[in-house]
Number of protein chains: 2
Amino acid sequence: MIPADHPRYRSLVVRERLARCAGEKIVTLEGLIAHGRGEAFDYLIGERTSGSALQAEKIAAALLLLAKKPVISVNGNTAALAPGQIAALQDGSRAMVEVNLFHRTPERMERITRLLEEKGVRVAAGQAERLLPLSHDRALCLREGIYSADVVLVPLEDGDRCQALREMGKTVITIDLNPLSRTARTASLTIVDELTRALPNITRFCRELRPGEAEPLAGSLDNRNLLNRAMDEMKERLSHAMD
Amino acid sequence: MIPADHPRYRSLVVRERLARCAGEKIVTLEGLIAHGRGEAFDYLIGERTSGSALQAEKIAAALLLLAKKPVISVNGNTAALAPGQIAALQDGSRAMVEVNLFHRTPERMERITRLLEEKGVRVAAGQAERLLPLSHDRALCLREGIYSADVVLVPLEDGDRCQALREMGKTVITIDLNPLSRTARTASLTIVDELTRALPNITRFCRELRPGEAEPLAGSLDNRNLLNRAMDEMKERLSHAMD
């Protein structure tokens, strides 16, 4: 349908995929709007992995490798966009994968779990309990999963949940294209990059880091500096847009 | 449902409305993603009408008042978000309103026309013809409407159509929160503001401008300068975000 030489090919293919997944209720309508927000910020960083994002991805790999119990929290948009990349990162990082939805229904939980399993993800099973300091179903997670994790990678997370996980003392890594969002500013480490560019980079670093490299990398984490560098890159693009 | 004191009340209400309209096929799934892109840029301008946007809205009113044949081109997102405001602007500017859809189906044309008419918009009727220099159904418009207009207000337009209208020699006014978009850079006048803030401002200026004020305003139009000021405001916000 979409010609491969279209200047916006990649972005259009991704949109088509999300729209299809919205038809299957894997992605919510709110998830589509959230994707649009991400597109705008991705446009501002030039739709490429910046130097600061690559550094953040390397530190993310270090944190996952050093973790006692790393967990990857997957929502509808993540499952729709990158199921195979989640499988590869699970292999590279030996993290548990837990499905955790903002708009949680048994039907969506099942469809998303199936989509991930078809791509080779080993999805944590069990009875979710209200264990997070949040109201209603947003408190739900697995006792043996997110609840007992020391490091949680939550791509595309909402601000409240990110904050709740931080208050529980966890190291939270997020992938968020908006460096101003509450999630970006609350997380321990924020990767300002597009999901499908970020995940393979983290996986690659999980495989490439040599013994002794992870600890100094983790120790170098300065999220405020990483966010400032991301915003500087956006400002730069706004400055030269009209040249 | 959404508590009125929620810090993101307005934005959440708008999202809910769009999702409802997506259920009724008035808004497309691509329209939801496009709305998200707008939200991101709106966030960067502080979700308020900037000084340069207000100036652009005043010039837009002048251009509409001076036009021989002004036409407002309405798409699905515009109809969903601001049907009553389109009616008020039609009254204030005596512009023709034509429904013009990127994803055009008879069913969507009819639903959107009905939604607008329920809010008091007089929607131009007739048989659309392929009159714009674009492929497929995107070329469709009314001979007595957009085709013969000298000034066209196209809120939330796509880049190709904006460019086609410009190549036909028309004055094109667009409302686009992304100052970097092709539409923003191709239009004769770009209002970098959120649709439901921009429309009532244009309507108010249509009523308030006194005889003799419109021409110097129209003559003062410098779209590149307006876009640069919008980008400066975004850079400013990025600069002070972490304070």
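That block above? That's the structure.
The structure reproduced in this document is the subject of the present report. Quick caveat: nothing in here was measured; it's all calculated off a predicted structure.

1. Remarks on the sheet that holds strand S7 (residues 189-191) of chain A
Residues and elements named next belong to chain A.
- Read across the open sheet, the five strands follow the order S2-S1-S5-S6-S7; overall the sheet is parallel. Two strands lie at the open edges of the sheet, namely strand S2 (96-99) and S7, each paired on one side alone. Taking each pair of neighbouring strands and ignoring which way they run, the sheet shows an average axis angle of 20°.
- Sheet topology note: the strand S1 (residues 70-74)/S2 ladder contains four bridges and is parallel. Note that in S2 the partner of serine 73 across the bridge is glutamate 98.

2. Thoughts on the packing of helix H2 (residues 29-44) of chain A against helix H2 (residues 29-44) of chain B
- H2 of chain B packs onto H2 of chain A with a crossing angle of 50° between their chain directions and a minimal axis gap of 6 Å. As the angle between them shows, H2 of chain A and H2 of chain B are arranged oblique. Where H2 of chain A crosses over H2 of chain B, the handedness of that crossing is right-handed. Within the contact between the two elements, H2 of chain A uses Leu29, Leu32, Ile33, His35, Gly36, Arg37, Glu39, Ala40, Phe41 and Leu44 of chain A and H2 of chain B uses Leu29, Leu32, Ile33, His35, Gly36, Arg37, Glu39, Ala40, Phe41 and Leu44 of chain B.

3. Some details on the relation of the copies chain A and chain B
- For the pair chain A and chain B, the superposition axis carries a translation of 0.0 Å, the fit reaches an RMSD of 0.0 Å, and the rotation angle comes to 180°. Here the two chains are linked by the operation of a two-fold rotation axis.
- Comparing interface residues between copies, 100% of those in chain A also sit at the interface in chain B, which points to an isologous, same-surface contact.

4. Here's the deal with the interface of chain A and chain B
- Chain A puts 27 residues into the contact, and the matching count from chain B is 27 residues.
- Here chain A meets chain B over a buried area of about 2,900 Å², counting both sides, of which 74% is carbon and sulfur.
- At the surface where chain A touches chain B, the tally comes to two salt bridges.
- Across the contact surface, chain A and chain B share eight residue pairs in polar contact (both at pLDDT 80 or more).
- Listing elements by their share of the side of chain A that touches chain B, those giving two or more residues are helix H1 (9-23), H2 and helix H11 (223-240) of chain A.

5. Considering the sheet that holds strand S6 (residues 171-175) of chain B
Residues and elements named next belong to chain B.
- Strands sit in the order S2-S1-S5-S6-S7 across an open sheet of five strands; the sheet is parallel. Strands with a single pairing partner mark the edges of an open sheet, and in this sheet they are strand S2 (96-99) and strand S7 (189-191). Across the sheet, the axes of successive neighbouring strands diverge by a mean angle of 20°, strand direction being ignored.
- Helix-sheet contacts for helix H3 (residues 51-66) involve strand S1 (70-74), strand S5 (151-155), S6 and S7, and the interaxial angle to S7 is about 130°.
- Helix H9 (residues 195-208) rests against S5, S6 and S7 of the sheet, and its axis sits at about 130° to S6.

The rules behind these values
- Residues numbered from 1 in each chain as written.
- Chains lettered and ligands numbered in written order.
- Predicted model: local features only at pLDDT ≥ 70, side-chain atom pairs only at ≥ 80, totals over all residues.
- Heavy atoms only, no water.
- Pairing = 2+ DSSP bridges.
- Helix = DSSP H or I, 4+ residues; strand = E, 2+ residues; numbered from the N terminus.
- Axes fitted to C-alpha atoms, helices over the stretch in contact; angles between N-to-C directions.
- Parallel < 35°, antiparallel > 145°, perpendicular 65-115°, else oblique.
- Left-handed = near helix turned anticlockwise from the far one by under 90°.
- Contact = heavy atoms within 4.5 Å.
- Least-squares fit on C-alpha atoms with pLDDT ≥ 70 in both.
- Buried area = accessible area lost by both parts, 1.4 Å probe.
- Salt bridge = Lys/Arg side-chain N within 4 Å of Asp/Glu carboxyl O.
- Polar contact = N/O pair within 3.5 Å; in protein donor to acceptor, adjacent residues only side chain to side chain.

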